[in-house]
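Chain by chain, the residues run as shown.
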Amino acid sequence: MGMQPGRQAATPVPSNERRAHLDALRAAVEARRELACGVVERRGVTWVSVVGVGEARRLVEVGCDYVRSAWWFIRDDGRPIAPARDVHHAVDVLVRELVDA
């Protein structure tokens, strides 16, 4: 999505909001005994890598993106997980995908 000269984005988005949401997700994941995570940065993009403790080597890398006027947790392939305002729901989705599967 490129900007045209002389035009501004409809909604300016502070980049530190992305990191704040990812930090909240990391803290919520760390609070669950069945999950473990780490923060990874690749090419300037921050991700939370989440695994199920004691489970087969499955990994979900979670990012945060501003879509349709709201922050969303997304998988590394772009599929949505949950709105970033609902951290606990996002963790529940990860538990179902990594532990309960």
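Above this text sits the structure in question.
None of the values given here were measured: they were computed from a predicted structure. (Residues numbered from 1 in each chain as written. Predicted model: local features only at pLDDT ≥ 70, side-chain atom pairs only at ≥ 80, totals over all residues. Heavy atoms only, no water.)

1. A few points about the sheet that holds strand 3 (residues 59-67)
- Pairing is antiparallel in the open sheet, where five strands are placed in the order 1-2-3-4-5. Strands with a single pairing partner mark the edges of an open sheet, and in this sheet they are strand 1 (35-42) and strand 5 (80-83). Pairwise comparison of adjacent strand axes, ignoring direction, gives a mean angle of 30° for this sheet.
- Note: strand 1 against strand 2 (residues 45-52), eight bridges, orientation antiparallel. Paired with Glu41 across the two strands is Thr46, which belongs to strand 2.
- Strands strand 1, strand 2, strand 3, strand 4 (70-75) and strand 5 of the sheet are contacted by helix 2 (residues 87-98), whose axis makes an angle of about 150° with strand 5. (Pairing = 2+ DSSP bridges. Helix = DSSP H or I, 4+ residues; strand = E, 2+ residues; numbered from the N terminus. Axes fitted to C-alpha atoms, helices over the stretch in contact; angles between N-to-C directions. Contact = heavy atoms within 4.5 Å.)

2. Some thoughts on the pattern of salt bridges
- Counted under the stated rule, the structure contains eight salt bridges.
- Arg75 serves as the salt-bridge partner of Glu97, at 2.7 Å between the closest nitrogen and oxygen. With a gap of 22 residues between them, Glu97 in helix 2 and Arg75 in strand 4 connect regions that are remote in the sequence.
- In the salt-bridge network here, residues are joined through shared partners; they are Arg32, Glu34 and Asp92. (Salt bridge = Lys/Arg side-chain N within 4 Å of Asp/Glu carboxyl O.)

3. Considering the packing of aromatic side chains
- Tallied over the full model, the rule gives one aromatic pair.
- Seen in terms of ring centroids, Tyr66 and Trp71 are 5.2 Å apart; in terms of plane orientation they differ by 70°. Their pairing is edge-to-face.
- The exposure class of Tyr66 is partly exposed, given its relative accessible area of 29%. (Phe/Tyr/Trp six-rings, centres within 6.5 Å; stacked < 30°, edge-to-face > 60°. Buried < 20%, exposed > 50% of the residue type's maximum accessible area, 1.4 Å probe, protein only.)

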